[in-house]
Amino acid sequence: MTRAGVNGGSFMLLPDRAALIGRDADISEISDRLGPGVITLTGVGGVGKTTLALAVADAVDDRYGDVFVCELAGVFEASGIDDAVADAIGAFRLDDASAVDAVASVLRGRSALLVLDNVEQVVGGAGRFVSSLLAVCPGLAVMVTSREPLRIAGEDVCQVDPLDVDRDAPTLFVHVASSFAPERDLATHGDAIREICRGLDGLPLAIELAASRLTTMDVTDVRDGLDRRFGLLRREGAVDRHATLAATVRWSYDLLASHERRLFDRLSAFQGGFDLAGAVALSGGTGEPAAIERDVAAVLNSLTDKSMLVRRDRVEGPRWEILETLRHFGDRQ
């Protein structure tokens, strides 16, 4: 990634070309939807929400006088959000002014875009902060990345999906692999590469980690090693939550309530999806059947909101699926 200046003196990291493979349509759609108010990019960990948000911010740079990017992954208390944003945009606080007032004093009346990146661990506080800010800065555009929505009035939620496993994901794999192991001829390994991409659900982070292993492994070795993906897929030398595939999934898993983790672990036994009756059967709940069904349905909806499940609405009723990477993690628990 390269560092680039943004209008108004703030800075952001622009993703490299490989990270944007398969995202042209997403960038165009989100750019069109972006305007006064808040749009939240949601999706499973490793799907590329931050990369996409930065690319959108770059694409609409000429639309705004100022673009501010605030990384909130290191904020774990709702009370710290105001100060983190104030510090990020250089807001000066008078002795009797709150951090929200200081932020508003900088943004009020300006054509500005504020990007709040990685808020799922403080989603409630982030929602209150954004609501308060928009109440006094109605012309402000806010773009949020989170593994679940803010659930505030006027929020536009945009689901970021994995890459197409037969087209864009293999292209990303080859592009990344060529930078790590340029001497390897991948032309004859198309089928194995597609198997890897399908096994990794088209998740960009997982695919990039898999491609980086070609410095020491063959394509077929990587494919055959996916059953032990959490030990295999790691970025050497990195220590953040995206350093390994396991750390990325663990970040989301640890944010679940204990009853959500318990049901998610049980649901990981399913391969190919399940319906409400199947989830109830594995829930281990006791008591009135109707009450158990209501409780399980509520947890399924919550897990879907938190990007741990994918809901498919069908004529015969809804079914839920777990991405294979998440299913492997839950099964290990």
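Everything here concerns the structure above.
A brief report on the enclosed structure follows. Computed from a prediction, not measured in an experiment: that's the story for all the values here.

Topic: the overall build of the protein
Part 1 of the argument: A tally of regular secondary structure across the protein gives 15 helices and 10 strands.
Part 2 of the argument: Relative to a compact globule of 333 residues, whose C-alpha radius of gyration would be 20 Å, the protein shows 21 Å and is just as compact.
Part 3 of the argument: Considering only contacts within the protein whose residues lie at least 6 apart along the sequence, 70% involve residues at least 24 apart.
Part 4 of the argument: Roughly 15200 Å² of accessible area belongs to the protein as shown, and the carbon and sulfur atoms make up 48% of that amount.

Some details on empty space enclosed by the protein
Part 1 of the argument: According to the stated counting rule, one finds 1 cavity of 30 Å³ or more in the structure shown.
Part 2 of the argument: For the largest cavity, the calculated volume is near 70 Å³.
Part 3 of the argument: Along its surface, the largest cavity is lined by Glu 120, Arg 147, Glu 148, Ser 252, Leu 255, Leu 256 and Lys 306.
Part 4 of the argument: In terms of residue class, the lining of the largest cavity is built from 2 nonpolar, 1 polar and 4 charged.

Details of the layout of surface pockets
Part 1 of the argument: For the second largest pocket, the calculated volume is near 350 Å³.
Part 2 of the argument: Lining the second largest pocket are 19 residues, and of these Gln 159, Asp 161, Ser 307, Leu 309 and Val 310 lie nearest its centre.
Part 3 of the argument: Of all the secondary-structure elements, those providing two or more residues to the lining of the second largest pocket are strand E7 (156-159), helix H14 (289-305) and strand E9 (310-312).
Part 4 of the argument: With 3 residues, the single largest contributor to the lining of the second largest pocket is E9.
Part 5 of the argument: Of the residues that constitute the lining of the second largest pocket, the class distribution is 9 nonpolar, 5 polar and 5 charged.

Focus: the pattern of salt bridges
Part 1 of the argument: Considering all chains together, one arrives at 20 salt bridges under this definition.
Part 2 of the argument: Ionic pairing is found between Arg 147 and Glu 120, a salt bridge with its closest N-O pair at 3.5 Å. Of this pair, Arg 147 sits in the loop between strand E6 (141-145) and E7 while Glu 120 sits in the loop between strand E5 (112-117) and helix H5 (123-136), and the two are 27 residues apart along the sequence. A single burial state applies to Arg 147 and to Glu 120, both of which are buried.
Part 3 of the argument: The partner of Glu 321 in a salt bridge is Arg 314, and the shortest N-O contact between them spans 3.9 Å.
Part 4 of the argument: Residue classification places Glu 321 among the partly exposed positions, given a relative accessible area of 24%.

Some points on helix H3 (residues 81-89)
Part 1 of the argument: Within H3, burial applies to Ile 81, Ala 84, Val 85, Ala 86 and Ile 89.
Part 2 of the argument: Of the surrounding secondary structure, the elements contacted by the buried residues of H3 are strand E4 (66-71), helix H4 (99-107), E5 and H5.
Part 3 of the argument: With its phi angle positive at about 75 degrees, Gly 90 sits one or two positions after the end of H3.

Focus: the pairing of strand E3 (residues 37-42)
Remember that side chains alternate between the two faces of the sheet whenever the strand is regular.
Part 1 of the argument: Of all 6 residues making up E3, 6 are buried, and the element is well covered by its neighbours.
Part 2 of the argument: Judged by which residues are buried, E3 turns out to be covered on both faces: Gly 37, Ile 39 and Leu 41 on one side and Val 38, Thr 40 and Thr 42 on the other are all buried.
Part 3 of the argument: The pairing of E3 with E6 spans 5 bridges and is classified as parallel. Pairing of Gly 37 across the sheet is with Ala 141, part of E6.
Part 4 of the argument: As paired strands, E3 and E7 are joined by 4 bridges and run parallel to one another. In the sheet register, Ile 39 faces E7, and the bridge partner there is Asp 156.

Some remarks on the environment of Ser 283
Part 1 of the argument: Its location among the elements puts Ser 283 in helix H13 (residues 276-283).
Part 2 of the argument: For the pair Ser 283 and Asp 265, spaced 18 residues apart in the sequence, the C-alpha separation amounts to 9.8 Å.
Part 3 of the argument: Ignoring anything within four residues of it in the chain, the contact list for Ser 283 reads Leu 263, Arg 266, Ile 292 and Val 296.
Part 4 of the argument: Among the polar contacts listed, one links the side chain of Ser 283 to the backbone oxygen of Val 280, at a separation of 2.7 Å.

Examining the sheet that holds strand E10 (residues 319-321)
Part 1 of the argument: Ordered in space as E8-E10-E9, the 3 strands form an open sheet in which the pairing is antiparallel. Edge strands, defined here as strands with exactly one partner in the open sheet, are strand E8 (274-275) and E9.

Thoughts on the sheet that holds E7
Backbone hydrogen bonds are what pair the strands of a sheet, in a parallel or an antiparallel way.
Part 1 of the argument: The strand order E4-E5-E6-E3-E7 describes an open sheet built from 5 strands, whose pairing is parallel. The sheet is open, and its two borders are formed by E4 and E7, each paired with just one other strand. Taken over all neighbouring pairs, the strand axes of this sheet differ in orientation by 15 degrees on average, direction set aside.
Part 2 of the argument: On the sheet, H3 packs against E4 and E5 and is oriented at approximately 135 degrees with respect to E4.

A closer look at helix H12 (residues 258-267)
Since the α-helix advances by 3.6 residues per turn, residues separated by three or four positions end up pointing in the same direction.
Part 1 of the argument: Buried within H12 we find Glu 260, Leu 263, Phe 264 and Leu 267. Buried residues of H12, seen end-on, are gathered within an arc of 105 degrees and therefore sit on one face of the element.
Part 2 of the argument: The secondary structure elements touched by the buried residues of H12 are helix H11 (245-254), E8, H13, H14 and helix H15 (324-332).

Conventions we followed
- Residues numbered from 1 in each chain as written.
- Predicted model: local features only at pLDDT ≥ 70, side-chain atom pairs only at ≥ 80, totals over all residues.
- Heavy atoms only, no water.
- Helix = DSSP H or I, 4+ residues; strand = E, 2+ residues; numbered from the N terminus.
- Rg over C-alpha atoms; globule rule 2.2 N^0.38 Å.
- Contact = heavy atoms within 4.5 Å.
- Areas by Shrake-Rupley, 256 points an atom, 1.4 Å probe, with all protein chains shown as cover.
- 1 Å grid on protein atoms, 1.4 Å probe; cavity = no way out; pocket = protein on both sides within 12 Å on 5 of 7 lines; lining within 4 Å.
- Points joined across faces, edges and corners; volume = space filled by probe spheres on them.
- Nonpolar A, V, L, I, M, F, W, Y, C, P; charged D, E, K, R; others polar.
- Salt bridge = Lys/Arg side-chain N within 4 Å of Asp/Glu carboxyl O.
- Buried < 20%, exposed > 50% of the residue type's maximum accessible area, 1.4 Å probe, protein only.
- Pairing = 2+ DSSP bridges.
- Polar contact = N/O pair within 3.5 Å; in protein donor to acceptor, adjacent residues only side chain to side chain.
- Axes fitted to C-alpha atoms, helices over the stretch in contact; angles between N-to-C directions.
- Arc of directions from axis to C-beta.

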